[in-house]
Amino acid sequence: MKPASGSLAGVGMGRGDLRRAAVDTLRGNWTGAATLPSRTQYPHQWSWDSAFIAVGLAQVSQERAQRELLSLFDGQWETGRLPHIVYNDAAKEEYFPGPGFWASRRMRGAPSVSTSGIVQPPVHARAALTVFTQATNHDDGRRFLAKAYPKLAAQHRYLLEHRDIGRTGLACIVHPWESGLDNSPAWDPFITGLTQAASAAFVRKDLHHVSATERPSDTDYSAYVALAESYRDIGYDDHQLAAKHPFTVEDPLFNGVLLDGELCLAEIARHLDLDSGPHRDTAEGLHRALMARLWDDDLGTFVARDARSDLRSTAATIAGFVPLLDPWLPDNVTWRLIDLLLSPGFLGGSRHPIPSNDVRDPSFDRSRYWRGPTWVNTNWLVWIGALRAGRADVAEVVREATLELVERSGFREYFDPFDGAGRGAHNFSWSAALTLNMLAAADEQQATVPLPVIDQGGKTS
């Protein structure tokens, strides 16, 4: 079946039509083994995309939802590293950086399939738990969890053991691309001092389908390629990061998602009659480290921090709200985050929220990738965070704003926060998939959004 038209979900479309359009979009991007983010621009399997896609597929096809996640883990390295791209050999070098750039097959512990060498935020445990909760056949769902759990646990173990560069209790990202928020203003302080230029000759294939005004600048992109080369050239050896790699940053979104993922793993372990305690304890440790390292009391949000120099970002971005997923946040921290979320910088200052950057900041750009536009996936994370924080009223505002946006402009990659115009790729899979999840939540939020229960003693139940 052909992909749904980018303009199919338009003004006046009912929610039932929106659901059918979302299903058609996911069907159109299905390869038989996994779902492409978009056929027009992304010809491979992306890591956190597949997690979001599985969340939506859980509403319509357990088989495909389970296969989406398990196929991704075919690209897992022996260390537990889950790469951000698993390459489709048929597409070869259509996307840059391609498999030849990353050279994964020459690296120790890499899988037989070609992959990148970097990771993305670990939303996969939440995706797996969501898939399980939507299974109509409990035994089949439990068999899926039994297959997924050791892979998910290895993914988290890699991040917690190999990427705690500063021994602070937080995982570091070693490239802005690992954050998922590729060119966020949060990274500006950490790449400004980089003097090296990319040594590889490369063609910006990301500009073949969209305007240059919507993507990272050439200067920033060259720095990103140089950072990827740096990590590749040390053989993706995390033991050498502190001495030989210039970017080791603790990110609030990445670690907020990791904390939430540990709680989801605790819940998965419970369903498998395994000990959930270690995952719960790890989540509590991440909570303490988040508060100690990344909470900025002056800004009233969580910010990124260099693990070695302790340099902090001063940007208030969408990433700072993701630690709302932490059930142990002090009340005053939760209140301040919600206040900032509702402020003129974010929900209160844009017609189509949530902008990815404070609209009052000089770095805000309504069109350029993660420097301002609204994204469905970060809206979804903040929506769950608001539910976790007990602010169902705020969660509903975010959910309705997101659904109205895709009704207006279709399943685009990202959106102008002021006029709602679609940006980036058309027929974008995670926009369609998370729309399905948000639509299903209209009647039963808890059923479609698992929130492992934390009792007063800190135990999952």
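Residues numbered from 1 in each chain as written. Predicted model: local features only at pLDDT ≥ 70, side-chain atom pairs only at ≥ 80, totals over all residues. Heavy atoms only, no water.

A. Inspection of the overall build of the chain at higher detail. Helix and strand content of the chain: 16 helices and 9 strands. If one aligns the C-alpha atoms of the chain with their principal axes, the spans along those axes are about 50 × 50 × 45 Å. Across the 461 residues in the chain, those meeting the buried criterion constitute 65%. Considering only intrachain contacts with a sequence separation of at least 6, the fraction spanning at least 24 residues in the chain is 71%. For the chain, the accessible area works out to roughly 16400 Å², and carbon and sulfur atoms hold 48% of it. (Helix = DSSP H or I, 4+ residues; strand = E, 2+ residues; numbered from the N terminus. Buried < 20%, exposed > 50% of the residue type's maximum accessible area, 1.4 Å probe, protein only. Contact = heavy atoms within 4.5 Å. Areas by Shrake-Rupley, 256 points an atom, 1.4 Å probe, with all protein chains shown as cover.)

B. Molecular detail of the sheet that holds strand β4 (residues 249–250). Taking strand neighbours across the sheet as the criterion, the 3 strands line up as β3-β4-β7 in an open arrangement whose pairing is antiparallel. Of all the strands in the sheet, the pair left with one neighbour each is β3 (172–173) and β7 (305–306). Sheet topology places β3 next to β4; 2 bridges connect them, and they run antiparallel. Across the sheet, residue Cys-172 finds its bridge partner in β4, namely Glu-250. (Pairing = 2+ DSSP bridges.)

C. Up close: helix α15 (residues 429–440). Helix length check: α15 (12 residues) gives 17 Å between terminal C-alpha atoms against 16 Å at 1.5 Å per residue, within 8%. With respect to burial, α15 is a largely interior element, 11 of its 12 residues being buried. Among all positions in α15, only Ser-429, Trp-430, Ser-431, Ala-432, Ala-433, Leu-434, Thr-435, Leu-436, Asn-437, Met-438 and Leu-439 are buried. (Expected span 1.5 Å × (residues − 1).)

D. The arrangement of the environment of Arg-399 in detail. Relative to the elements of secondary structure, Arg-399 occurs in helix α14 (residues 392–409). Dropping the residues within four chain positions of it, Arg-399 is found in contact with Trp-383, Met-438, Leu-439, Ala-441 and Ala-442. For Arg-399, the side chain forms a polar contact with the side chain of Glu-400, separated by 3.4 Å. (Polar contact = N/O pair within 3.5 Å; in protein donor to acceptor, adjacent residues only side chain to side chain.)

E. Highlighting the packing of aromatic side chains. Scanning the model with the defined rule gives 26 aromatic pairs in all. A centroid spacing of 5.1 Å and a plane angle of 50° characterise the contact between Trp-48 and Phe-52, whose relative ring orientation is tilted. Of this pair, Trp-48 and Phe-52 both sit in helix α2 (residues 47–57), 4 residues apart, roughly one helical turn. Taking the relative accessible area as the measure of exposure, Phe-52 reaches 1% and is therefore buried. (Phe/Tyr/Trp six-rings, centres within 6.5 Å; stacked < 30°, edge-to-face > 60°.)

F. Representation of helix α13 (residues 376–388) within the structure. For α13, spanning 13 residues, the distance from its first C-alpha to its last is 18 Å, which sits close to the expected 18 Å at 1.5 Å a residue. Taking burial as the measure, the 13 residues of α13 include 13 buried ones, the bulk of the element. Once α13 ends, the next one or two residues include Gly-390, with phi positive near 80°.

G. Up close: the packing of α2 against α15. Relative orientation of the contacting elements α2 and α15 amounts to 35°, with a least axis distance of 7 Å. The interaxial crossing formed by α2 with α15 has left-handed handedness. Here Trp-48, Asp-49, Phe-52, Ile-53, Val-55 and Gly-56 of α2 lie close against α15, whose contacting residues are Ser-429, Trp-430, Ala-433, Leu-434, Leu-436 and Asn-437. Of the residues contributing to the contact of α2 with α15, the split by class is 8 nonpolar, 3 polar and 1 charged. (Axes fitted to C-alpha atoms, helices over the stretch in contact; angles between N-to-C directions. Left-handed = near helix turned anticlockwise from the far one by under 90°. Nonpolar A, V, L, I, M, F, W, Y, C, P; charged D, E, K, R; others polar.)

H. Main features of unusual backbone geometry. In the segment running from Phe-96 into Pro-97, the intervening peptide bond is cis, with an omega of 0°. Summarising the element assignment, Pro-97 is placed in the loop between β2 (85–86) and α4 (99–102). Look at the link from Pro-353 to Ile-354: it is a cis peptide, with omega at 10°. As for its position among the elements, Ile-354 is in the loop between α12 (331–342) and α13. Of note, Asp-310 is a non-glycine position whose phi angle comes to about 70°, a positive value.

I. Structural detail: the pattern of salt bridges. Taken as a whole, this structure holds 25 salt bridges when the rule is applied. Arg-20 is the partner of Asp-17 in a salt bridge, and the nearest nitrogen-oxygen pair spans 2.2 Å. In this pair, Asp-17 and Arg-20 are both assigned in helix α1 (residues 15–28), 3 residues apart and thus about one turn of the helix distant. The class of Asp-17 is partly exposed, set by a relative accessible area of 36%. The residue Arg-399 makes a salt bridge to Glu-400 at a minimum N-O spacing of 3.4 Å. Among the residues examined, Arg-399 registers a relative accessible area of 5% and is labelled buried. (Salt bridge = Lys/Arg side-chain N within 4 Å of Asp/Glu carboxyl O.)

J. View of the nonpolar core. Judged by nonpolar contacts, the single largest core of 139 residues is most densely connected at Ile-268, Phe-321, Trp-380 and Trp-383. For Trp-380, the residues in contact, after removing those within four places along its chain, are Phe-52, Val-55, Arg-126, Leu-434, Asn-437 and Met-438. (Core = buried A, V, L, I, M, F, W, Y, C linked by side-chain atoms within 4.5 Å.)

K. Examining the environment of Ile-53 more closely. Within the secondary structure layout, Ile-53 lies in helix α2. Sequence-wise, Ile-53 and Ala-432 are 379 residues apart; in three dimensions their C-alpha atoms are separated by 8.1 Å. If we ignore the near neighbours within four places in the chain, the residues touching Ile-53 are Leu-26, Thr-35, Glu-68, Ser-429, Trp-430 and Ala-433.

These figures capture arrangement, not role.
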